[in-house]
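Listed below are the residues making up each chain.
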Amino acid sequence: MAVDELQAIIQRCQILEEADFKGEDFNLFQVAGQKCLEDGYAAQLLEVIQNEKNKVIIKSMGWNLICPLVRCIFVYKQEDDKREHCLKILHQLAQLCNPKELFLGLLEQIEQTSAEQVCQTVMLLLQPLQTVLLKLQNKKAYSVGLSLAMIMNQLTPLPVPYTKQQIQEDKLGLCQCCNAVVDFAKPFVNEVVKNMEKSSEYNDTELKEELLKFCMKSLKYPLLTAQLEQVEGIEEHPFRHFAIEIINILWDIRELIPLVFLHRKGKSPHWENQEFADIERKNSADSLACLSYLMFVQHFGIDCFPMVFSPSYLLQCNMTHIEVLLKRTEESMLSKGLDLFESCLLRMEDNSLLHQYLEFRDFINVPQDLVKVMTLCPIEHLRKKSLNILQLFIDKFDAEGKYTLFRCLLKTSNHAGVEGYIIKNIKDQIHLSLTKACDNIWFTGHHLISLLDLVLLLPEGAETDLLQNSDRIMASLNLLRYLVIKDSESDNQTGVWTTLAKIEQNFLKPLHVGLNMSKAHYEAEIKNKKENRREAHSSNTVCSVTVSGEKMPAMTTEMQLQVLHSALFTFDLIESVLARVEELIEVKIKAVMDEN
């Protein structure tokens, strides 16, 4: 019987000194203890462990029972007495075993557990692990850091619940586990706080650094991926609670403000391998971006924040973080980047952002990243939001800033829709310049002429793909029509009349030629399709279309004709606006000649 075997080993070891225990004794104790647990004799094993006479034996050998003990705890049901006995054994082992040996045993168990059970295992072992760590005298900071790193490394591969249903179900127990880990860390945070209160010079200890590393890891996972908006129907959002606790730890160890403003990364290890160094830098950038989101969007820890910084300075501080987030493709991270950008911009007055800020690399990179989200992101609500934020960004700049930004985006966007949108903005700024009493030099005169050189031209002359560039061309024609109507040749505030010959040469004439070529090509295509349809046995003949290597749904001849007619309609629209512009120019020139 398992209990008899265990008693025999115990009796043999009771007469030995601790130093005389052999490897064989450890193995026999482990096997007999495991058998007791597996055969349902947990109560008898508990009695053996609680027996004062066995104290020395348990101190040396007890940690060997951790693995079978954890296994049995998960086998027994919640209300089973045997499970309760196993939990008491675990508690006793934490009190009696050699702290160093038990510490390694607990970490080994966490490391070896399966992904499905990792959260349950961590939550089960956090209390005994905390008890052991509080007993350690040597290398305590290192051991705390190792424990937190091991736990976070085991949790990181797990998917983060994102939807309301996933958060409520918490299938793998991640939400609950994260908050349990924070509670586990609190005694060590309190220790750092007490030491800092004792001495004002206490600023940089190993334990503090380990806690800082834990916070940085937590910001990257799970918080960077988690959905942190308040969800209706969830009274206490687990990840919001976790985020608040992480912010509180950073504040308590006096690292919150330095991280937000000084981008302090702690004592990062020196990596000889450049690849490892790059990974470390990227992880740190992700964590700091998440921290800024928590502070400035969710307002966690905002009460600790010094209210002395200008909105433009806060925007400058956050542009690096916004850039990091906007370069990601995951919805959770992209939305955080957009929210952070929007939050910073809404703090500012329109026209208050000085053009000199565009000398910072981030202020050029971020709008370009925003354009990529607008044009490439598959998620519609993020595309729409990014467009609204781009307009908000434009509105905040002074006149020279707007002018510089427009030039930059026209040269870099490589997207007709975006270029058309920028040209519409240019038209709005010209309108303000012409209708305001004060003269705006950036959207009149020679500055405007320089900008019109980028706007009123066809990128590839008459051979430009007019259908692909229709948004840009229509916006350019509407701008030119506005300039011709609004600015008389005698005033010539915009300079459009001075440069009219150049506009005709670079824009209007090539556009005429391009329209004629495009219309002739599409009309010929329509004629061919109609002839082929007559020859075919059925009007349901289909053709396959491949885009970027992917086969699109098959198109019938009718559908192809519909597309071709739609293109012709676009060309007719462009042609009608072009004709109107040329008519207005002719009328204005004739009126001036008549006056003369």
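Check the entry above for the structure.
Bear in mind the structure is a predicted one, so any value in this text is a computation, not a measurement.

(A) Local environment of the overall build of the protein. In terms of regular secondary structure, the protein is built from 25 helices and two strands. The burial tally for the protein puts 48% of its 596 residues in the buried class. In the protein, 75% of the contacts between residues at least 6 apart in sequence involve partners at least 24 apart.

(B) Fine view of the packing of aromatic side chains. Applying the stated criterion across every chain yields a total of 14 aromatic pairs. Look at Phe393 and Phe397: their rings are 5.0 Å apart centre to centre, the planes differ by 80°, and that puts the pair in the edge-to-face class. Here Phe393 matches Phe397 in class, with each residue buried. Measuring from ring centre to ring centre gives 6.0 Å for Phe406 and Phe443, while their planes differ by 65°; the resulting arrangement is edge-to-face. Of the two residues, Phe406 sits in helix H20 (residues 399-412) while Phe443 sits in the loop between helix H21 (416-435) and helix H22 (445-455), which places them 37 residues apart along the sequence. Of the two residues examined, Phe406 and Phe443, each falls in the buried class. Ring pairs connect the aromatic residues Phe341, Tyr357, Phe360, Phe363, Phe393 and Phe397, which therefore count as one cluster. It is Lys336 that lies over the ring of Tyr293; its NZ or CZ is 5.5 Å from the centre. Geometry around Tyr482 places Lys427 over its ring, the cationic atom sitting 5.3 Å from the centre.

(C) Summary view of unusual backbone geometry. In this chain, Tyr221 is followed by Pro222 through a cis amide linkage whose omega measures 10°. As for its placement among the helices and strands, Pro222 is situated in helix H12 (residues 206-223). Phi at His299 takes a positive value of approximately 60°, unusual for a residue other than glycine. Within the element layout of this structure, His299 appears in the loop between helix H15 (274-296) and helix H16 (311-326).

(D) Summary view of the pattern of salt bridges. Taken as a whole and assessed by the stated rule, the structure comprises 25 salt bridges. Two residues, Asp362 and Arg361, come together in a salt bridge whose shortest N-O distance is 3.3 Å. One salt bridge connects Lys502 with Asp453, and the closest N-O pair in it is separated by 3.2 Å. Of the two residues, Lys502 is situated in helix H24 (residues 500-535) and Asp453 in helix H22; the sequence distance between them amounts to 49 residues. Residue classification places Asp453 among the partly exposed residues on the basis of a relative accessible area of 33%. When salt bridges with common partners are traced through the structure, they connect Lys220, Lys282, Asp286, Arg328 and Glu330 into a single cluster.

(E) The packing of helix H19 (residues 380-396) against H21, seen in detail. Taken N-terminus to C-terminus, the directions of H19 and H21 make an angle of 35°; their axes are 12 Å apart at the nearest point. For the pair H19 and H21, the sense of crossing is right-handed. For the pair H19 and H21, the contacting residues are Leu387, Gln391 and Ile394 in the first and Tyr421, Ile422 and Asn425 in the second. Here the residues of the contact of H19 with H21 sort into four nonpolar, two polar and no charged.

(F) Just the nonpolar core, in detail. Within the largest apolar cluster, 186 residues are counted, with the highest numbers of intra-cluster contacts made by Leu155, Phe214, Leu294, Phe341, Leu477 and Leu511. Leaving out residues up to four positions away in the same chain, Leu294 has contacts with Leu219, Leu223, Leu228, Ala243, Ile247, His299 and Phe300.

(G) Region of interest: helix H13 (residues 238-252). With 15 residues, H13 extends 21 Å between its outermost C-alpha atoms, agreeing within 8% with the 21 Å of an ideal straight helix rising 1.5 Å per residue. Among the residues of H13, Pro238, Phe239, Arg240, Phe242, Ala243, Glu245, Ile246, Ile247, Ile249 and Leu250 are the ones counted as buried. One or two residues past the end of H13 sits Arg254, with phi positive at roughly 65°.

(H) Here's a closer look at the packing of H16 against helix H17 (residues 331-346). Orientation of H16 relative to H17, taken along the N-to-C sense of each, is 160°, at an axis distance of 8 Å. Taken together, H16 and H17 sit at an angle that is classed as roughly antiparallel. In this structure, the crossing between H16 and H17 has a hand that is left-handed. Contacts between H16 and H17 pair Leu314, Leu315, Asn318, Met319, His321, Ile322, Leu325 and Leu326 from the former with Met333, Leu334, Lys336, Gly337, Leu338, Leu340, Phe341, Cys344 and Leu345 from the latter. Classifying every residue of the contact of H16 with H17 gives 13 nonpolar, three polar and one charged.

(I) Region of the structure containing the environment of Asn195. Residue position: Asn195 is located in helix H11 (residues 174-198). Here Asn195 falls in the partly exposed class, since its relative accessible area comes to 25%. In this structure, the C-alpha to C-alpha distance between Asn195 and Thr205, residues ten residues apart in sequence, is 9.7 Å.

(J) Here's a closer look at the side chain of Ser292. Inspection of the secondary structure assignment puts Ser292 in helix H15. Relative accessible area serves as the criterion here: at 2%, Ser292 is assigned to the buried category. A polar contact of 3.0 Å, which involves the side chain of Ser292, links it to the side chain of Asn318. Sequence-distant contacts of Ser292, defined by excluding residues within four places in its chain, comprise Val297, Asn318, His321 and Leu340.

(K) Structural detail: the environment of Ile379. Note that Ile379 resides in the loop between helix H18 (361-376) and H19. Under the relative-accessibility criterion, Ile379 is labelled partly exposed at 22%.

(L) Fine view of H19. An ideal rise of 1.5 Å per residue puts 24 Å on 17 residues; H19 measures up with 25 Å between its terminal C-alpha atoms. Within the span of H19, buried status applies to Leu382, Ser386, Ile389, Leu390, Gln391, Leu392, Phe393, Ile394 and Lys396.

(M) The side chain of Glu210, seen in detail. Examined against the element boundaries, Glu210 turns out to sit in helix H12. Judged by its relative accessible area of 16%, Glu210 falls in the buried class.

Thresholds, definitions, all that
- Residues numbered from 1 in each chain as written.
- Predicted model: local features only at pLDDT ≥ 70, side-chain atom pairs only at ≥ 80, totals over all residues.
- Heavy atoms only, no water.
- Helix = DSSP H or I, 4+ residues; strand = E, 2+ residues; numbered from the N terminus.
- Buried < 20%, exposed > 50% of the residue type's maximum accessible area, 1.4 Å probe, protein only.
- Contact = heavy atoms within 4.5 Å.
- Phe/Tyr/Trp six-rings, centres within 6.5 Å; stacked < 30°, edge-to-face > 60°.
- Lys NZ or Arg CZ within 6 Å of the ring centre and 35° of its normal.
- Salt bridge = Lys/Arg side-chain N within 4 Å of Asp/Glu carboxyl O.
- Axes fitted to C-alpha atoms, helices over the stretch in contact; angles between N-to-C directions.
- Left-handed = near helix turned anticlockwise from the far one by under 90°.
- Nonpolar A, V, L, I, M, F, W, Y, C, P; charged D, E, K, R; others polar.
- Core = buried A, V, L, I, M, F, W, Y, C linked by side-chain atoms within 4.5 Å.
- Expected span 1.5 Å × (residues − 1).
- Parallel < 35°, antiparallel > 145°, perpendicular 65-115°, else oblique.
- Polar contact = N/O pair within 3.5 Å; in protein donor to acceptor, adjacent residues only side chain to side chain.

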